[in-house]
Amino acid sequence: MAPRPIAYNLLRLILAATHTTPRGVDRIDYGYITYLLDHWPEDVVGVMPTLIGPRCFRREQLFKARERLNDLWRESGNPDGDPALARLVLRFDNPGTPEPPPKPRGFLPGARGIPRIAKLILGGGVTLGKPITALPQNALYLDIGHYGLTFPRAFRWRRKRPDIRTIFMVHDTIPLEYPELVAEETFRAHQRLVAKTAKYADALIVPTRSAGKAVRDALALHRARDIAIHALPLPIDDLFSRKVNPVRDLQNRPYFMICGAVEPRKNHRLLIEVWRELIRRHDDAAPKLIVAGSPGYASREIIREMTSEESLRRHILLVSGLSSPAMAQLMAGARAVLMPSFIEGFGLPPGEALSVGTPALVSDIPAHREAVGGAGEFLPSKNPDPWVDAIEKLLDDGYFRARRAAAHGFKPRRWDDYMRDVTAVLLNETDGA
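Residues numbered from 1 in each chain as written. Predicted model: local features only at pLDDT ≥ 70, side-chain atom pairs only at ≥ 80, totals over all residues. Heavy atoms only, no water.

Before we move on, can you summarise a nonpolar patch on the surface with the specific residues and values?
Among the surface-exposed residues, Leu51, Ile52 and Leu128 lie close enough to one another that they form a single nonpolar patch of about 410 Å² accessible area. Here Leu128 is to be found in the loop between α5 (113-123) and β4 (130-131). Relative accessible area serves as the criterion here: at 59%, Leu128 is assigned to the exposed category. (Patch = residues over 30% accessible without salt bridge, like charges linked within 9 Å, V, L, I, M, F, W, Y side chains within 5 Å. Areas by Shrake-Rupley, 256 points an atom, 1.4 Å probe, with all protein chains shown as cover. Salt bridge = Lys/Arg side-chain N within 4 Å of Asp/Glu carboxyl O. Helix = DSSP H or I, 4+ residues; strand = E, 2+ residues; numbered from the N terminus. Buried < 20%, exposed > 50% of the residue type's maximum accessible area, 1.4 Å probe, protein only.)

Give a description of the side chain of Arg161 that names residues and reports values.
Within the secondary structure layout, Arg161 lies in the loop between β5 (140-143) and β6 (165-169). There is a polar contact of 2.9 Å between the side chain of Arg161 and the side chain of Asp163. Ignoring anything within four residues of it in the chain, the contact list for Arg161 reads Ile132, Thr133, Leu135, Pro136 and Gln137. (Polar contact = N/O pair within 3.5 Å; in protein donor to acceptor, adjacent residues only side chain to side chain. Contact = heavy atoms within 4.5 Å.)

Describe the pattern of salt bridges, with residues and values.
Counted under the stated rule, the structure contains 33 salt bridges. One salt bridge connects Glu392 with Arg281, and the closest N-O pair in it is separated by 2.6 Å. One end of the pair, Glu392, is in helix α15 (residues 384-394); the other, Arg281, is in helix α9 (residues 268-282), with 111 residues separating them in the sequence. Exposure remark for Glu392: the relative accessible area of 23% places this residue in the partly exposed category.

Could you give me a rundown of the sheet that holds strand β1 (residues 6-9), with the residues and numbers involved?
The strand order β4-β3-β2-β1-β5-β6-β7-β8 describes an open sheet built from eight strands, whose pairing is mixed. The open sheet has two edge strands, β4 and β8 (228-231), and neither has a second partner. Here four bridges tie β5 to β6, and the two strands are oriented parallel to one another. Following the sheet pairing, Leu140 is matched in β6 by Arg165. Packing of helix α2 (residues 24-39) onto the sheet brings it into contact with β1, β2 (44-48), β5, β6 and β7 (203-206), and relative to β1 it is tilted by some 155°. Sheet strands in contact with helix α8 (residues 209-220) are β7 and β8, and its direction is about 140° off that of β7. (Pairing = 2+ DSSP bridges. Axes fitted to C-alpha atoms, helices over the stretch in contact; angles between N-to-C directions.)

Report on the sheet that holds strand β14 (residues 377-379), specifying residues and quantitative values.
Strand order in this open sheet of six strands is β11-β10-β9-β12-β13-β14, and the pairing throughout is parallel. The outermost strands of the open sheet, each flanked by one partner alone, are β11 (316-319) and β14. Sheet twist, expressed as the average angle between the axes of neighbouring strands with direction ignored, equals 25°. Of the pairings in the sheet, the one linking strand β12 (residues 336-339) to strand β13 (residues 360-363) comprises three bridges and is parallel in character. Pairing of Leu338 across the sheet is with Leu361, part of β13. Sitting on the sheet, helix α12 (residues 324-333) is in contact with β9 (255-259), β10 (288-292) and β12, with an inclination near 140° to β9.

Which residues make up a positive patch on the surface, and what values go with them?
Together, Arg153, Arg156, Arg159 and Lys199 line one region of the surface with positive charge. Locating Arg159 in the fold gives a position in the loop between β5 and β6. (Lys, Arg positive; Asp, Glu negative; His and termini not counted. Charge placed at Lys NZ, Arg CZ, Asp CG, Glu CD.)

Now, about the environment of Arg23: what can you tell me, with residues and values included?
If you trace the backbone, Arg23 turns up in the loop between α1 (11-16) and α2. Classification of Arg23 by relative accessible area gives partly exposed; the value is 31%.

Describe helix α10 (residues 299-306), and please don't skip the residues or the numbers.
Each turn of an α-helix holds 3.6 residues, which means side chains three or four residues apart point in the same direction. All buried positions along α10 are accounted for by Ser299, Ile302, Ile303 and Met306. Take α10 and look down its axis: the buried residues cluster within an arc of 95°, on one side only. Where α10 is buried, its residues touch α9, β10, α11 (310-315) and β11. (Arc of directions from axis to C-beta.)

Can you break down unusual backbone geometry residue by residue, with the values?
The residue Asn267 is not glycine, and still its phi comes out positive at about 70°. With respect to the secondary-structure elements, Asn267 resides in the loop between β9 and α9.

What follows is the structure, given as structure tokens:
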């Protein structure tokens, strides 16, 4: 089967450049475009909506923009020079008043984000591109980041290009399943996403079988035609490996981590209750909890509760803006990474933790079962008591060493293996009608 050219949606990556560090989904998007630029045998072009309509960009422009984006994110730098990590280390023993958290990430870039986009577009060599009519014939349109599906006008050009096959990644249907856990606009955007998927998608990629079932159920409400859904578990970046050294200044200092946006569905409130109990039992000897992530929907109330009591302020440290290398170092030194989420489409942090040899305590939900299998320790998402017990066990050095040894049984899926499966999906679409 001869491969088709790829037309890749750039919107999420362009907007992600407004931030100093990528989220997990941004790294997945970046991993896709990186692999395709380096390995896809046919042409790869970028697609992005602009104020003058959708435009496409040449492969050589994308190479330059990719290098610039990596520099903006500090992903290849030395984690010892990470400013967010340095501030965290200074506050570890003297937390005092927590740093004011940054504002929640919005869809549109703020005043600081616009210059970063300008540096990416101009410094990276991306110009205004060409009209969408310049897309290669019989291309595969690939949208990994969701954003291209939530604005109906941005995708109208597809009607005039019946030669193009369309493949989307749909991460989950959480906003439709649990609207009380997300912002109203997120719920509406997801409704638009599912409607556009039902109308335009020729094939879908999802991160888990459970996410695939939820997506199929959502599409059925639109009486969608049969759409091939491929469940491909997400890869773990190579920088999360057992070669990673813990943060030198935090060695032999017991701490735990929760990673990801601070928002209701991540269930930070359960950990607040857990730490109240740990402090009650151990007083100042209780371990620290590092909350690594940007504020999300309804984060103000969650952060206020974390910082409402002096004892919690001494033991819960919030940090945003960590680079991925710094995150890997922190994970490598943690007693465990905690993920008590109510619902996930996949959940990268438990797999990243196990990849550096750190135990993962996770809520017992289908996505976590698929993501880490028997390597994780599964706990209820609504009862703090088992979490307290599991954390106290890990404070024992002997038990901790045994759990670290068990983590070595986890075999992370890496990008080359993952993209071989993605390539099979893309090649299968070559012969699609």
